[in-house]
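Now for the letters of each chain:
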2 protein chains.
Amino acid sequence: MGLAASLDANLPEKPETTKRAGGETALKALSDLLADDMLACNRAVVARMDSPVPLIPQLAAHLVAAGGKRLRPLLTLASARLCGYVPSAGEAPRHVNLAACVEFIHTATLLHDDVVDESALRRGLASANAVFGNKASVLVGDFLFARSFQLMTEDGSLDVMAILSKAAATIAEGEVLQMATQNDLSTSMEKYLEVIHGKTAALFAAACRVGAVVAGRPQHEADALDAYGTNLGMAFQLVDDSLDYAADQRLLGKTVGDDFREGKITLPVLAAYHAGSAADRVFWRRVIEDSAQEPDDLDHALSLIAETEAIATTQRHAAAYADRACEALSIFPDGEVRRLLSEVAAYTVSRGR
Amino acid sequence: MGLAASLDANLPEKPETTKRAGGETALKALSDLLADDMLACNRAVVARMDSPVPLIPQLAAHLVAAGGKRLRPLLTLASARLCGYVPSAGEAPRHVNLAACVEFIHTATLLHDDVVDESALRRGLASANAVFGNKASVLVGDFLFARSFQLMTEDGSLDVMAILSKAAATIAEGEVLQMATQNDLSTSMEKYLEVIHGKTAALFAAACRVGAVVAGRPQHEADALDAYGTNLGMAFQLVDDSLDYAADQRLLGKTVGDDFREGKITLPVLAAYHAGSAADRVFWRRVIEDSAQEPDDLDHALSLIAETEAIATTQRHAAAYADRACEALSIFPDGEVRRLLSEVAAYTVSRGR
């Protein structure tokens, strides 16, 4: 099956149109709605990344303070709220502590993602971990990972531990698979989707499922939230992969082309490669498979991606996953949290436009 | 307090002389006694490191097959046996699965220890992970770490999870502290002992404690096994650190000087530095603190270490810890497992002679 057919075969079934108005502010609106929980989660993160070894909180703070959107813990908190979780009187707020676990696992994977190989160093990619070095990134990541399991042990739910330890294993598998597909233009669409499921969607799914579990909701609700998280994560990563080739982002001064320089196999590249001419394919093989890149190659790659509408193809897939994410929420009664979660899915796609 | 006084202050109290006859074969004798359990543990390790992503079992097998003595899982199995653990009819052999968890955590730390920094690469130390690269070492380590928590979740004991997740956090702290002390000759004896406790003794202790927990033994027995493991681990690492400067090992064709080249702060170096002349200290500062090493420097370092009896000092500390390990077992009734565990402690020290 060629990539074009494969692309369609891999589109989630029955994509539906979702209202996207106001999508861009959904994430902020959801954070605001859950502001108390988010604040408590931030406090838990800071309190529990402490260690008598000073470099650990220093390096962790470097990432945690940089912060970003805290999307993954927000998903745990929102899912718990959607499922009507209320901490028992005198009980620690389980959803808050588990949201911190999710953030620790995510931060650990970010730190480990910073680790570069000798070959990457040769290509000048050392900046990602330039401040602290490979070894510190690995060890502090290990600490946060271990700490997240200490937190889970304190929480005491074997169900939660099964969900998050499985997600952690799946993330590692996804990242290894990504390494194995690097520089390989024969990577199939299926394999690419498996990579982004592992590296991104698995933790989104687990973060959501945990919310249902702390609320003691039945299996089908946990499954629905898992499906929401999975599809949201797929959409999120597809958009992320498209942003790495978004020429207009470049005009805004944002970094473009990291994936290109690393020879990472993402949908924009696969789509452009398969839709390209014979000459285009020679180009792609040289820059991606042989890693023989020259200064103007990124510009040429961006123009080929524009010609072949590879970004539009990627966005179309992302939109279909976002629709599936919204659809998964339909078993829950209508309400503000459900509405905002749907809008977050829409926002995820719109940020690439 | 000078290092000499500090050395004595840090010697475990009341060292006792322990019979060392036959020590060298104790490890094999213990493995033979527990051969069925060890075989089952090896099977569990191989079965559970499997993954649909081929690179994972490939790389893991590279380390697991290389094997070594499987000392840590052996400690779990022996401790469980010492505590009279018998799997319930129809129950999975918990000690076997938890021994596999311990081995996974150890293998993950080995893989992560292989990760090198750009500076190390510059000094030509890339060989440790030359086969697969930094990134693969990190990710497969992460997978094994996650998998060990999946296994613990299946086992279902929160006590075990608390022990092993805390050990994992302590290992990471110890390794970070080791990084922080690297190239720093002002490192105190206390700090050095904290490093080797974290990087080595913590997992030895946890491996032993888990054996008492699966057997459902009272706290003081778990504490005694923890003390055995801690002291054994300290002895083990002290000997390991001395072997890296053991000139006669070099004659046997074994690698000597890795710690030296990395500027790692270990007791042989600290003892030689503090016992050395002013000229010797200038030498040590150049090679360890400034990392300015020349071809003949290792030979000179070995001769300074011999002159100052720094290996004997290190061995004396190791022997004292080994004695404390044996002493910790005294609350258990005499028997073959207890006797062999004592001999393992003796063997640990004798391998450095």
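These numbers were taken from a predicted model, which means no experiment stands behind them. (Residues numbered from 1 in each chain as written. Chains lettered and ligands numbered in written order. Predicted model: local features only at pLDDT ≥ 70, side-chain atom pairs only at ≥ 80, totals over all residues. Heavy atoms only, no water.)

**A few points about the relation of the copies chain B and chain A**
For the pair chain B and chain A, the best superposition has an RMSD of 0.0 Å and corresponds to a rotation of 180° with a translation of 0.0 Å parallel to the axis. Between the two chains, the operation in question is that of a two-fold axis. (Least-squares fit on C-alpha atoms with pLDDT ≥ 70 in both.)

**Observations regarding the interface of chain B and chain A**
At the interface, 41 residues of chain B touch 41 residues of chain A. Together chain B and chain A conceal approximately 3,800 Å² of surface at their shared face, both sides included; 73% is due to carbon and sulfur atoms. On the chain B side of the contact with chain A, B:Lys135, B:Glu173 and B:Val176 bury the most area, a combined 16% of that side's loss. In this structure, A:Lys135 engages B:Asp113 in a salt bridge whose closest nitrogen and oxygen atoms are separated by 3.6 Å. Viewed at the interface, chain A and chain B are joined by eight residue pairs in polar contact (both at pLDDT 80 or more). Put simply, the parts of the chain that give the side of chain B that touches chain A at least two residues each are α4 (55-66), α6 (94-113), α7 (118-122), α8 (134-155) and α9 (158-181) of chain B. Residues of the side of chain B that touches chain A, tallied by class, amount to 25 nonpolar, eight polar and eight charged. (Contact = heavy atoms within 4.5 Å. Buried area = accessible area lost by both parts, 1.4 Å probe. Salt bridge = Lys/Arg side-chain N within 4 Å of Asp/Glu carboxyl O. Polar contact = N/O pair within 3.5 Å; in protein donor to acceptor, adjacent residues only side chain to side chain. Helix = DSSP H or I, 4+ residues; strand = E, 2+ residues; numbered from the N terminus. Nonpolar A, V, L, I, M, F, W, Y, C, P; charged D, E, K, R; others polar.)

**Things to note about unusual backbone geometry**
Positive phi is not limited to glycine here, since A:Ser291 has a value of about 50°. In the Ramachandran plot, B:Asn183 falls in the positive-phi region, its phi being about 65° despite a non-glycine side chain. Secondary-structure assignment places B:Asn183 in the loop between α9 and α10 (189-214). Taking relative accessible area as the criterion, B:Asn183 reaches 24% and is therefore assigned partly exposed. (Buried < 20%, exposed > 50% of the residue type's maximum accessible area, 1.4 Å probe, protein only.)

**A word on the confidence of the model for chain A**
Predicted coordinates in areas of low pLDDT are best not read in detail. Residue and element names in this part refer to chain A. On average, residues of chain A carry a pLDDT of 88, and 84% of them reach 70 or more. Put simply, helix α7 (residues 118-122) is where chain A has its lowest mean pLDDT, 51, and helix α10 (residues 189-214) is where it has its highest, 98. Scored below 50 in pLDDT, residues 14-23 makes 18 contacts in the model with residues more than four places away or belonging to other chains. Every residue in residues 122-128 is under pLDDT 50, and counting partners more than four places away or in other chains gives nine contacts. Overall fold confidence for the complex sits at a pTM of 0.91, while the interface term, ipTM, reaches 0.90. (pLDDT = per-residue confidence, 0-100.)

**Quick word on the pattern of salt bridges**
Residues and elements named next belong to chain A. Taken as a whole and judged by the stated rule, the model has 26 salt bridges over all chains. Taking the shortest distance from any N to any O, the salt bridge between Arg 81 and Asp 37 comes out at 3.7 Å. Of this pair, Arg 81 sits in helix α5 (residues 71-82) while Asp 37 sits in helix α3 (residues 35-48), and the two are 44 residues apart along the sequence. When its relative accessible area of 37% is taken as the criterion, Arg 81 is described as partly exposed. Among the salt bridges present, the one from Lys 264 reaches Asp 259, with a minimum N-O distance of 3.6 Å.

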